[in-house]
Structures are given as structure tokens and as C-alpha cells.
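# Reading the structure
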Amino acid sequence: MRLQTKTVHTGVDKDSAFNSVITPIYQTSTFRFENIGQTKGFDYTRSGNPTRRALEENIAALEGGVSAAAVATGMAAITLVLHFFKTGDHILCTHDCYGGTERLLRTYREQFGLEISYVDMRDLSSVQDAIQPNTKAFWIETPSNPLLNIVDIRELSRIAHRNGALSIVDNTFLSPFNQRPFELGADIIVHSTTKYLNGHSDVVGGAVVVKHQEHAQRLQFLTNALGQGASPFDCWLVLRGIKTLAPRMREHERNAKAVAEFLSSHSHVRKVYYPGLESHPHHELAKRQQSGFGGMVSFEVDGGIEEAKQVLSSTRIFALAESLGGVESLIEHPATMSHASMNPDLREKAGINDRVIRLSVGIEDPNDLIEDLDQALAFQPGTRSRARTSKAVAEC
Ligand SMILES: *Cc1c(COP(=O)(O)O)cnc(C)c1O
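Rules used throughout
- Each chain has its residues counted from 1, following the order in which its sequence is written.
- Residue-level local features of this predicted model are given only where pLDDT is at least 70; pairs of side-chain atoms are given and counted only at 80 or more, and the full residue set underlies all totals for whole chains, interfaces and linings.
- No hydrogens and no water enter the side-chain calculation; it runs on all heavy atoms of the structure.
- What marks off one domain from the next here is an automatic or database domain assignment.
- We call two residues in contact when some of their heavy atoms are within 4.5 Å.
- Buried surface area refers to the total accessible area, computed with a probe of radius 1.4 Å, that the two partners give up upon joining, counted for both partners together.
- Throughout this description, the term salt bridge denotes a Lys or Arg side-chain nitrogen within 4 Å of a carboxyl oxygen of Asp or Glu.
- In protein, a polar contact requires one atom able to donate a hydrogen and another able to accept it; more generally it is a pair of N or O atoms within 3.5 Å, and residues adjacent in sequence count only if both atoms are side-chain atoms.
- Secondary structure elements are taken from DSSP: a helix is a run of H or I of four residues or more, a strand is a run of E of two residues or more, and numbering for both begins at the N terminus.
- All amino acids are sorted into three groups, where Ala, Val, Leu, Ile, Met, Phe, Trp, Tyr, Cys and Pro are nonpolar, Asp, Glu, Lys and Arg are charged, and the leftover types, Gly among them, are polar.
- Two strands qualify as a pair provided DSSP detects at least 2 bridges between them.
- In this analysis an axis means a line fitted to C-alpha atoms, helices contributing only their contacting stretch, and an angle means the value between N-to-C directions, from 0 to 180 degrees.
- Whether two aromatic rings pair depends on their centres lying within 6.5 Å, for rings of Phe, Tyr and Trp, where Trp uses its six-membered ring; planes under 30 degrees apart make the pair stacked, over 60 edge-to-face, and the rest tilted.
- Buried, partly exposed and exposed residues are distinguished by accessible area as a fraction of the type maximum, computed with a 1.4 Å probe on protein chains only: under 20%, between the cut-offs, and over 50%, respectively.
- Lining residues are defined by having an atom within 4 Å of a point belonging to a cavity or pocket. Those points lie on a 1 Å grid over the protein atoms alone, cavities being sets where a 1.4 Å probe fits but cannot get out and pockets being open sets with protein on both sides within 12 Å along at least five of seven lines.
- Grid points are joined across faces, edges and corners, and a volume is the space filled by probe spheres set on the points.

Our focus in this paragraph is the domain arrangement of the protein chain. Taken domain by domain, the protein chain comprises domain 1 (3-242) and domain 2 (245-394). Relative to domain 2, the C-alpha centre of domain 1 lies at a distance of 27 Å. With 43 residues of domain 1 at the interface, the matching set in domain 2 holds 46 residues. Here domain 1 packs against domain 2, burying approximately 3,500 Å² in sum over the two surfaces, 59% of which is carbon and sulfur. Broken down residue by residue, the surface that domain 1 buries against domain 2 is led by Leu 147, Ile 150 and Tyr 196, which jointly contribute 22%. Put simply, domain 1 and domain 2 have one salt bridge between them. With a closest N to O distance of 3.9 Å, Asp 152 and Arg 288 form a salt bridge. Joining domain 1 to domain 2, the criterion identifies 17 residue pairs in polar contact (both at pLDDT 80 or more). Mapped by element, the contributors of at least two residues to the side of domain 1 that touches domain 2 are helix H1 (3-9), helix H4 (99-112), helix H6 (153-162), helix H7 (175-178) and helix H9 (232-242). Here the element with the most residues in the side of domain 1 that touches domain 2 is H4; it accounts for five residues. Split by residue class, the side of domain 1 that touches domain 2 holds 17 nonpolar, 17 polar and nine charged.

Pasting the structure below:
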């Protein structure tokens, strides 16, 4: 089966009692034993549940891994993966990772003695220089949040493996529809299923997928031991959301491209970050490594924090909210919202200044999205650029 067919069919058709087409929600904490030591495959929902198993089969199939764990949040997925390591191990992390990842890594460094260093992974020679004898993993996130930098998963995995380290990729921003890190050499993938996989802004969830059999057992052990498993109902919702992953991702990309082109031509926009634009510094790498450019667009307004605030408070369709990947469009301010927890020095170094605004472009009509941004960007009276609105969409 091809990916789009798997999204619809894997982990489905599980009900041999009544042949329900949809996977049932096994909303139970425990399972009756047939006899001492004999179950029908499940004993207690913390260690395993049929609805959760269905979702895990689906996500593992989409990523091409041997096993997956569906957990309570994206951060739970990252926590779980950190438990593959021990005190004194060194993790080399991309310098512009998700804010919550940086906060968690800081906690693990301070409380549990993991060594963490941050490096700009676009620069392979500084990656090479940052490797230590105790380096056990590379933490890769591409495209990055919120500036959509692209790093080379294949090259980074090669360097990691040459040095006995694992290549771990946070694939939240593109989903397996647009990027399959295992095919590029990664060993472990994490997801916030809260975002594109579920796609409807009604669940927080996470997943870890492993490529190697030797990690599969550790994954199951940790999910149970740490008590991280997602609830049956949440798993059912994510499984339902994934069925429309392919058409949603196509719409997200079409709209994001239209919005990015509109913003690029706007006089109140200083800079647009979208890997699908030919002007993006890693456009060629994105084309090679991804099968699409996704639905996230960031931009810098002309001016400073006041102008940014003006835009953020004036949109009518784009809701001022954190998160991303849902069918509805969102707008947010990384410096004070999604990346507020990030160490300010690191944030500055990563280029996340006060002017940066991040959009999660939804699947609404692109003309409405562009008109909304156009009126929000009209912060200096008399300089609106309505003329280009419909043209930008017509061209995509
Ligand atoms: C949202 C997000 C996370 C954290 O996921 P939660 O479900 O909010 O816990 C991790 N990584 C990336 C790239 C994210 O966007």
C-alpha cells in the first residue's frame, strides 16, 4: 500500500466481534484474563490498549518504522526518548529547536546530568567539531520552528553514525506525508500528534517511532514504566484525523504558498520564511529531502514589536493562538508565546527577534486568508496593497 492508502486503512478493521468498519474505542483500564498467565493480548491499559495499538500500527506504517508508541503529548514523546540515555551521555541538539524541547533538555541537564550542546546544524563542520567521545545522539528538527531552516537529515545521520550516535528527528512540522526521515538515515522519529497528524486542534498527543528492532522493546518498556501512554479516546481521535492527512497536507501547502507569495510582495513585510519560495536559502535541500513544503510560514514585519503587535491583534480569521497543524489558521508571536520559555540568549542567537510572526496556514479559502492578512498589515494608513490579493492566488 502507498502512504495515502495506509493513512486510511492501517490500524482499522480491528473488530472481529461485529465487523465495525471503524476501530472501536476500548475505553477500559483493565482486561479479563482467560486464565492464570493467559490474556487475549492486553492486560492493563497503561501497558497496552487495542485502540492505542491501532494508532501505533498506523503511525509506524506511515513512517516505515518497526514499532511506535502513542503517548500523551509531544513532550511526553521527547521525555520518553531522553530515557534511552543516561547520566553523562552527550546529546547534540539543533540550535533552533522547539522551545519546550530546549526547556526539557535544560531540566535533564540540571537534574539528571545529561550533557547537551547546541549547534547550528546547517553548518556540518561545526557539527563535526561539537562531537565528543560521549556523544550518543543528534537531536534534529527540520524545518525548524519558527524560522523554517532546513538541515540535511541524510548528511547529519551519516555523521552521527560514523561517531556511534543515533539520529533522532522531530518530524512534527511536515508529518510523514511530506518527509520520511527513516529513508534519510534517521533511527528514531518523534511527533507531536497534536499538530498535523491529528490536524483538528482537539487532542494533545505524541508518538515515538523506531526503525530498529532493538529499540522496539525499550520503547514498550519505557511507555509502560513511565506511564506515558495516550488515552484510548485520544488515540481514536488521532487515528480518525490521520485518515485525511494527505488531502489536508495538500491544502495546507497550497494555501501556505499563496500566503507566502502574498507576503513577499507586501511593502510592510521585511522578510518571509517559507521553504517553498525559491528565495529561501535552503529551497534546493527542501526540494530534495521533502515531498512538500508544508503549511507553516513565518515573516518579519517592517518596524518593531509595536508593528508586530498591531498585526497580531488585527487578524479576524487567523486566531491568535499557539500550536499549529489544525485545519484553522493561527497566528502567533514566537518571542512572547511559543518560544517564551526558551533561554533568551539562545533565542537571539537563533534569530527569533520581536518582529517575527508565525502563521499556521489552515485549509480555508486562500483568498480569505490573504485578505485577512492584508487588512491586518495596513498599520500605516493609506498604504494598503489590496491590488495584489486575488492575483497571488490566481498564480498558485
Ligand atoms: C508542539 C511541538 C512539540 C510538543 O508537542 P506537545 O504535543 O505540545 O507536547 C514538540 N516538537 C515540535 C516541533 C512541536 O511543534
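Continuing now.
The mixed open sheet is built from seven strands, whose spatial order is E1-E7-E6-E5-E4-E2-E3. Both outer strands of the open sheet, strand E1 (67-71) and strand E3 (115-119), are each paired with one neighbouring strand and no more. On average, adjacent strands in this sheet sit at an angle of 20° to one another, irrespective of strand direction. The sheet contact formed by strand E2 (residues 90-94) and strand E4 (residues 135-141) spans four bridges and is parallel.

Another point: the packing of aromatic side chains. The final tally for this structure, using the stated rule, is four aromatic pairs. Ring centres of Phe 31 and Phe 42 lie 5.8 Å apart, and the angle between their planes is 35°; on these two criteria the pair is classed as tilted. Of this pair, Phe 31 sits in the loop between H1 and helix H2 (50-63) while Phe 42 sits in the loop between H1 and H2; the two residues are 11 residues apart in sequence, bridging distant segments of the chain. Overall, the relative accessible area of 17% leaves Phe 31 in the buried class. On the basis of relative accessible area, Phe 42 is assigned to the buried category, the value being 16%. Relative to Phe 293, the ring of Tyr 274 has its centre 6.5 Å away and its plane inclined at 65°; by these criteria the two rings are edge-to-face. Residue Tyr 274 is found in the loop between strand E8 (269-273) and helix H11 (283-289), and its partner Phe 293 is found in the loop between H11 and strand E9 (296-301); the two are separated by 19 residues along the sequence.

What follows concerns empty space enclosed by the protein. Evaluation of the coordinates by the stated rule reveals two cavities of 30 Å³ or more. Computed from the structure, the largest cavity encloses a volume of approximately 60 Å³. Together, Phe 42, Ser 47, Gly 48, Asn 49, Arg 52, Arg 53, Glu 56, Gln 220 and Thr 223 line the largest cavity. Sorting the residues of the lining of the largest cavity by element identifies H2 and helix H8 (213-226) as the ones contributing at least two each. Among the elements that line the lining of the largest cavity, the one with the most residues is H2, at three residues. Of the pockets and cavities examined, the second largest cavity occupies roughly 40 Å³. Looking at the second largest cavity, the residues that line it are Leu 55, Ala 70, Val 71, Thr 193, Val 203, Val 204, Gly 205, Gly 206, Ala 230, Asp 234, Cys 235 and Val 238. At three residues, H9 tops the list of elements feeding residues into the lining of the second largest cavity. Considered class by class, the residues forming the lining of the second largest cavity number eight nonpolar, three polar and one charged.

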